[in-house]
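This is what each chain is made of:
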Amino acid sequence: MIERTNYSMLQHNTFGIDAATTCFIEYDSEEDLQEVRKRIAVAYHGLPILHVGKGSNLLFLENFQGVILHSAIKGITEISQTENEIYVRAGAGEVWDDFVDTCVKRGWAGVENLSWIPGEVGAAAIQNIGAYGVEAKDVIYEVECLELATGDKRIFSCEECHYGYRKSIFKEQLRGQYAVLSVVFRLKCSFTPNIEYGGVRKALTELGIEPDKVTMTQLRNAIIDIRKQKLPDPEVQGNAGSFFMNPVVEKVVYEQLAQQYDSCPHYDQPDGRIKIPAGWLIEQCGWKGQNLGPAGVHKKQALVLVNLGGATGEDIARLSETICRNVYERFGIAIHPEVNFIGKNGLIDVK
Ligand code: EPU
């Protein structure tokens with residue numbers, strides 16, 4: 001167990017916000033986490049607890065007056081194999097893209113479209129990360145957790161996680177109650193490329209690769225290229241990837257919009273509703289590449305807010321509120337942050 005008090009979270013949030021926490025504790029095994037529970041009961045009783053991964057989806061608005069926990073549980077192990085499927089356990093503290101890299105190198109198919117997403121395995125299962133037509137829920141078999149209040153271990157099947165677009169039971173009914181220890185993935189032994197989303201097919205052709213003959217490694221590399229072109233590197237410019245979720249609207253709302261803007265991109269949802277890229281709505285409002293003080297909108301992808309240098313969480317939040325208001329005034333469509341806002345007592349609900 002590593003314990004630090006009055007600790008700056010600067011290295012633990014990709015927005016590059018210099019906010020402090022009363023205490024930061026890192027653990028590297030289930031037994032260690034049980035010790036952490038005892039330590040909190042003795043030294044930090046009653047303080048709010050916040051569990052973080054790589055901090056790639058966090059916005060600190062002020063110093064956090066509580067205990068931040070971080071899992072450093074590692075390990076990627078094959079647990080069983082059938083004729084077509086392979087079950088693999090990954091520790092919550094594994095870096096997500098290291099996990100994807102290992103899968104691709106070993107020929108385990110299913111996560112290659114989720115290449116180069118920042119963050120760690122535990123948070124990926126809580127957030128149901130997604131990109132290029134694949135979501136974490138498509139490959140998660142079960143999530144192994146520890147209940148923080150009791151120390152009891154509980155395994156959630158994928159169904160029990162109640163996954164939806166960027167959401168799970170761990171973000172809603174059970175928010176803050178469980179720490180993820182590890183995640184078991186159900187992957188495929190043979191590779192069928194999933195290249196129908198957005199620009200993937202086109203990107204492969206541009207790279208001189210015949211899309212239907214792409215290998216898993218080539219697909220991973222192409223997706224890394226697309227992401228690097230569109231998304232800013234947090235090492236260079238603080239950001240948290242997509243800042244907003246894409247709104248899902250009733251078909252009639254989309255039809256009204258399409259009458260005015262025939263270029264409006266849209267994705268049909270299984271329930272008959274329509275997902276509209278928030279990046280497009282924000283760009284139509286003129287925000288792409290613009291800024292409010294040190295908080296900016298990325299010039300290549302309007303869904304991404306960036307720290308132009310020295311921004312506080314409040315600066316970014318002010319820009320976010322202004323954008324949400326402008327989009328609502330112009331289109332009558334509410335967009336909401338995907339990023340978690342953290343106040344002095346923990347997560348803040350931003351409606
Ligand atoms: N678009 C614009 N202007 C912009 C940005 C996008 O017009 O500034 C339009 C374009 O028509 C584009 C469409 O929106 O074709 C979709 O854009 P993109 O493919 O970049 O995807 P997105 O919907 O903006 C989502 C995820 C990303 C994920 C990509 C690719 C969310 C909140 N974001 O973005 O996830 O990488 O799809 O699958 O669902 C993240 O969560 O941090 C993230 C980066």
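See the structure printed just above.
In this text, all values refer to a predicted model and were calculated from it rather than measured experimentally.

To continue, consider the overall build of the protein. Each helix and strand counted, the protein has eight helices and 21 strands in total. In terms of overall size, the protein behaves like a compact globule, its C-alpha atoms giving a radius of gyration of 20 Å where 351 residues would be expected to give roughly 20 Å. Sequence separation of 24 or more characterises 61% of the internal contacts of the protein that already satisfy a separation of 6 or more. Roughly 16500 Å² of accessible area belongs to the protein as shown, and the carbon and sulfur atoms make up 46% of that amount.

Turning our eyes to something else, we now look at the site of the ligand. Contacts to the ligand come from 25 residues, most closely from Tyr-132, Tyr-165, Asn-246, Glu-283 and Ala-302. Between Asn-246 and the ligand, the recorded distance is 2.8 Å, taken from a side-chain N or O atom to an oxygen atom. Between Lys-288 and the ligand, the recorded distance is 3.2 Å, taken from a side-chain N or O atom to an oxygen atom. Compared with its free state, where it exposes 810 Å², the ligand has 83% of that area covered by protein. Listing elements by their share of the shell around the ligand, those giving two or more residues are β8 (130-131), α5 (216-230), β13 (238-242) and α7 (278-284). Counting residues per element, the shell around the ligand draws most heavily on α7, at three residues. Grouping the amino acids of the shell around the ligand by side-chain chemistry returns 13 nonpolar, six polar and six charged.

This part covers the sheet that holds strand β17 (residues 291-292). A sheet is described by the order of its strands in space; here four strands give the open sequence β13-β19-β18-β17, paired in antiparallel fashion. Two strands close off the open sheet at either side, each with one partner strand: β13 and β17.

Moving on, we get to the pairing of strand β2 (residues 20-27). Along any regular strand the residues' side chains alternate between the sheet's two faces. Of all eight residues making up β2, seven are buried, and the element is well covered by its neighbours. Of the strand pairs in this sheet, strand β1 (residues 2-8) and β2 are connected by six bridges, and their pairing is antiparallel. From the neighbouring strand, Tyr-7 faces β2, where its bridge partner is Thr-21. Strand direction decides the pairing type here: β2 and strand β5 (residues 64-71), joined by six bridges, are parallel. Bridging across to β5, Tyr-27 finds its partner in Ser-71.

About the criteria used
Residues numbered from 1 in each chain as written. Predicted model: local features only at pLDDT ≥ 70, side-chain atom pairs only at ≥ 80, totals over all residues. Heavy atoms only, no water. Helix = DSSP H or I, 4+ residues; strand = E, 2+ residues; numbered from the N terminus. Rg over C-alpha atoms; globule rule 2.2 N^0.38 Å. Contact = heavy atoms within 4.5 Å. Areas by Shrake-Rupley, 256 points an atom, 1.4 Å probe, with all protein chains shown as cover. Near = heavy atom within 4 Å. Polar contact = N/O pair within 3.5 Å; in protein donor to acceptor, adjacent residues only side chain to side chain. Nonpolar A, V, L, I, M, F, W, Y, C, P; charged D, E, K, R; others polar. Pairing = 2+ DSSP bridges. Buried < 20%, exposed > 50% of the residue type's maximum accessible area, 1.4 Å probe, protein only.

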